[in-house]
Amino acid sequence: MKKDEVPQDDANVLEGKLKTLKYATNEDGSYVQVQTVGWEPENLALSQAWEDIHERLEIIAQDIAAGKSSPILYFMEKCLMEPPMLAKHMGIGTWRVKRHFKAKGFAKLSQKRLEKYAYVFEVPVEHLTQFDPTRTS
Amino acid sequence: MTNKFNHRQSAHCENGVVSNLLYHEGIDLSEPMIFGIGSGLFFSYIPFVKLNGNPGTSFRIYPGYIYKRATNRLGIKTKMRTFRNAEKAMDALDANLEKGIPTGVQTSVYYLPYLPSQYRFHFNAHNIVIYGKDGEEYLVSDPVMDDVTRIKRSDLMRARYAKGVLAPSGKMYYPINVAKDFDLKPAIIRGIQHTAKDMLTIPVPMFGIKGIYKLAKDVRKWPEKVGERKAGLHLGNLVRMQEEIGTGGGGFRFIYAAFLKEAAVIMDMPELNEIADGFTKVGDRWREFAIMASKIFKQRTNVQGDYQLAADIIVDCADQEKVLFTKLRNLKFPA
């Protein structure tokens with residue numbers, strides 16, 4: 001990649017917080033560092049990954065409304081976690097966490113455990129007990 | 001304690017932390033030099049280990065190894081500690097800062113608020129330097145950032161004690177004995193030989209050049225095997241591993257070429273220049289793959305032929321790299 005051909009495709013994925021560093025060549029083939037705000041294939045790959053997450057969240061929200069799934073599943077996905085990671089944070093087995101994904105298992109949760117989940121998800125407990133997918137934060 | 005620290009931005013966090021910590025000790029080695037000496041370049045494709053549903057693919061060696069190998073080969077003694085609990089980890093860090101020692105810590109990207117939100121996935125092996133403290137805030141030199149920044153104690157604690165794959169367990173590290181009269185040449189030789197050997201000879205079809213061929217073979221089958229949607233996500237994940245923050249472009253191939261260029265001068269071996277140009281070329285080819293892949297997942301249509309074309313590019317990369325690494329492996333270094 002030549003230094004004057006380093007793409008600068010800004011999709012605001014870096015939110016102005018930084019520019020990333022790429023290595024590119026001078027005319028003689030020697031290398032220099034060049035800052036960039038982004039490249040379209042990268043930006044598309046990232047937005048695709050986020051779209052996938054948002055689609056999954058919508059489906060889970062519908063399942064919660066239908067009384068099938070629980071907010072635990074929703075927030076796990078929202079926090080980009082997978083069951084083994086969530087189980088580690090909770091200090092319980094993966095199979096128990098999975099049980100809490102269902103509305104029935106969720107209903108049986110103690111206050112203490114709910115608070116622990118809320119801490120892990122970095123939300124107030126009410127976001128779990130009074131679930132509302134339209135909340136922004 | 002607001003200690004002084006020279007922040008230099010790098011493409012990849014681990015290279016940057018090593019390069020900057022050594023710079024603080026008076027040793028000026030560039031990011032590519034650290035990457036080369038630490039044998040950072042690698043390839044692994046482990047389809048049965050899924051990360052967020054995608055086959056585990058990496059263009060680099062396992063986190064932590066660049067630091068280990070680079071310091072080891074330069075004869076630099078370092079101290080590395082992990083902790084049973086987060087409070088102890090923070091106390092030890094505080095004690096270090098009190099003594100004015102800039103300290104490398106392993107963190108989870110997810111809990112670093114100064115990073116762009118879209119990049120904050122649960123990647124647990126992000127390395128940063130903490131070089132001071134100002135009240136409840138820690139002073140951060142994160143190598144991928146343009147400049148130094150700050151983080152709240154509570155956030156840093158979470159970041160250092162994140163759970164899951166590659167959990168940091170409060171890991172912190174810093175050089176303790178830096179000899180200034182080290183010899184760079186043997187370190188460069190060991191770095192090159194190790195990388196070439198790993199890329200060519202591991203007898204498992206998931207690693208090195210064999211891994212790249214295996215990846216190409218699987219890419220051809222993805223749309224059929226997992227469906228268009230998932231195949232698109234798999235391709236997207238590949239592009240991210242190859243290009244996103246940290247690789248310097250072209251799946252670390254450009255950084256590696258930059259290393260070989262520097263090495264050519266230090267070793268007085270012009271033949272390294274030629275091989276470096278080969279890596280520049282192959283890095284560009286990897287970027288052509290990324291363009292091809294992004295066309296596929298942008299359209300979200302299954303043009304079966306496109307997956308074949310994308311796989312063909314990967315095969316071409318593997319072919320070229322096989323030649324380049326063989327050349328590196330057969331180099332006769334001056335005694």
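Residues numbered from 1 in each chain as written. Chains lettered and ligands numbered in written order. Predicted model: local features only at pLDDT ≥ 70, side-chain atom pairs only at ≥ 80, totals over all residues. Heavy atoms only, no water.

**Student:** A description of the domain arrangement of chain A should follow, citing residues and the corresponding values.
**Tutor:** Per the domain assignment, the segments making up chain A are domain 1 (3-38) and domain 2 (51-129). For domain 1 of chain A versus domain 2 of chain A, the separation of C-alpha centres amounts to 40 Å. (Domains from an automatic or database assignment.)

**Student:** Which residues make up the packing of helix 6 (residues 184-201) of chain B against helix 9 (residues 253-267) of chain B, and what values go with them?
**Tutor:** Residue and element names in this part refer to chain B. Contact geometry of helix 6 with helix 9 gives a least axis separation of 11 Å together with a crossing angle of 140°. The orientation of helix 6 with respect to helix 9, classified from their angle, is oblique. Relative to helix 9, helix 6 is oriented so that their crossing is left-handed. In this structure, helix 6 contributes L184, K185, I188, I189, I192, T195 and M199 to the contact, and helix 9 contributes R253, Y256, F259, L260, A263, I266 and M267. Looking at the contact of helix 6 with helix 9, its residues break down into 11 nonpolar, 1 polar and 2 charged. (Axes fitted to C-alpha atoms, helices over the stretch in contact; angles between N-to-C directions. Helix = DSSP H or I, 4+ residues; strand = E, 2+ residues; numbered from the N terminus. Parallel < 35°, antiparallel > 145°, perpendicular 65-115°, else oblique. Left-handed = near helix turned anticlockwise from the far one by under 90°. Contact = heavy atoms within 4.5 Å. Nonpolar A, V, L, I, M, F, W, Y, C, P; charged D, E, K, R; others polar.)

**Student:** Summarise unusual backbone geometry; cite the residues concerned and give the values.
**Tutor:** Phi is positive for L80 of chain A, which is not a glycine, with a value near 60°. Note that L80 of chain A resides in the loop between helix 2 (71-78) and helix 3 (83-90). One non-glycine residue with positive phi stands out, namely N52 of chain B, at about 50°. Looking at the element boundaries, N52 of chain B is found in the loop between strand 1 (41-51) and strand 2 (54-60).

**Student:** Which residues make up the packing of aromatic side chains, and what are the values?
**Tutor:** Residue and element names in this part refer to chain B. Across all of its chains, the model carries 21 aromatic pairs over all chains by this definition. Each ring, one from F59 and one from W286, has its centre 5.1 Å from the other, and the planes form 85°; the classification is edge-to-face. Placement of the pair is F59 in strand 2 and W286 in helix 10 (residues 271-299), with a sequence separation of 227 residues. Residue class for F59 comes out buried when judged on its relative accessible area of 1%. (Phe/Tyr/Trp six-rings, centres within 6.5 Å; stacked < 30°, edge-to-face > 60°. Buried < 20%, exposed > 50% of the residue type's maximum accessible area, 1.4 Å probe, protein only.)

**Student:** Describe the sheet that holds strand 3 (residues 77-81) of chain B, and please don't skip the residues or the numbers.
**Tutor:** All names here are of chain B. Pairing is antiparallel across the open sheet formed by 6 strands, whose spatial order is 3-8-4-5-6-7. This sheet does not close on itself; its edge strands, each paired only once, are strand 3 and strand 7 (149-152). If you compare each strand with its neighbour and ignore which way they point, the axes differ by 40° on average. As paired strands, strand 4 (residues 103-107) and strand 5 (residues 126-134) are joined by 5 bridges and run antiparallel to one another. Paired with V105 across the bridge in strand 5 is I128. Here helix 1 (residues 13-24) sits on the sheet in contact with strand 4, strand 5, strand 6 (137-141) and strand 8 (172-177), set at roughly 45° to strand 5. (Pairing = 2+ DSSP bridges.)

**Student:** Provide a residue-level description of helix 5 (residues 153-160) of chain B, including the pertinent values.
**Tutor:** The element helix 5 of chain B is largely enclosed, with a buried count of 7 among its 8 residues. Restricting attention to buried positions, one finds in helix 5 of chain B the residues R153, D155, L156, M157, R158, A159 and R160 of chain B.

**Student:** Quick rundown of the side chain of T36 of chain A? Include the residues and the values.
**Tutor:** Residue and element names in this part refer to chain A. Residue position: T36 is located in strand 2 (residues 31-36). Taking the relative accessible area as the measure of exposure, T36 reaches 2% and is therefore buried. One polar contact links the side chain of T36 to the main-chain amide nitrogen of G38, over a distance of 2.9 Å. In this view, T36 contacts V6, P7, Q8, L14, K19, T20 and K22; residues no more than four positions away in its chain are not counted. (Polar contact = N/O pair within 3.5 Å; in protein donor to acceptor, adjacent residues only side chain to side chain.)

**Student:** Report on the pairing of strand 1 of chain B, specifying residues and quantitative values.
**Tutor:** All names here are of chain B. Bridging between strand 1 and strand 2 involves 6 bridges; their strand directions are antiparallel. Within strand 2, the residue paired with I46 across the bridge is G56. If you look at the hairpin formed by strand 1 and strand 2, you'll find 2 residues sitting between the two strands, and N52 has a positive phi there, around 50°.

**Student:** I'd love a proper account of the nonpolar core, names of residues and values included.
**Tutor:** Within the largest apolar cluster, 90 residues are counted, with the highest numbers of intra-cluster contacts made by L235, L260, L272, F279 and L328 of chain B. Top contributing element to this core by residue count: helix 10 of chain B, with 12 residues. Setting aside its immediate chain neighbours within four residues, L260 of chain B contacts I192, L272, I275, A276, F279 and L328 of chain B. One finds I60 and F121 of chain A together with M145 and M157 of chain B within the second-largest nonpolar core, a separate group that totals 66 residues. (Core = buried A, V, L, I, M, F, W, Y, C linked by side-chain atoms within 4.5 Å.)

**Student:** So what's going on with the interface of chain B and chain A? Residues and values would help.
**Tutor:** With 53 residues of chain B at the interface, the matching set in chain A holds 44 residues. Together chain B and chain A conceal approximately 4,300 Å² of surface at their shared face, both sides included; 55% is due to carbon and sulfur atoms. Sorting the residues of chain B by area buried against chain A places Q118, R158 and K163 of chain B first, and these three jointly supply 14% of that buried surface. Taken together, the connections running from chain B to chain A amount to 5 salt bridges. (Buried area = accessible area lost by both parts, 1.4 Å probe. Salt bridge = Lys/Arg side-chain N within 4 Å of Asp/Glu carboxyl O.)

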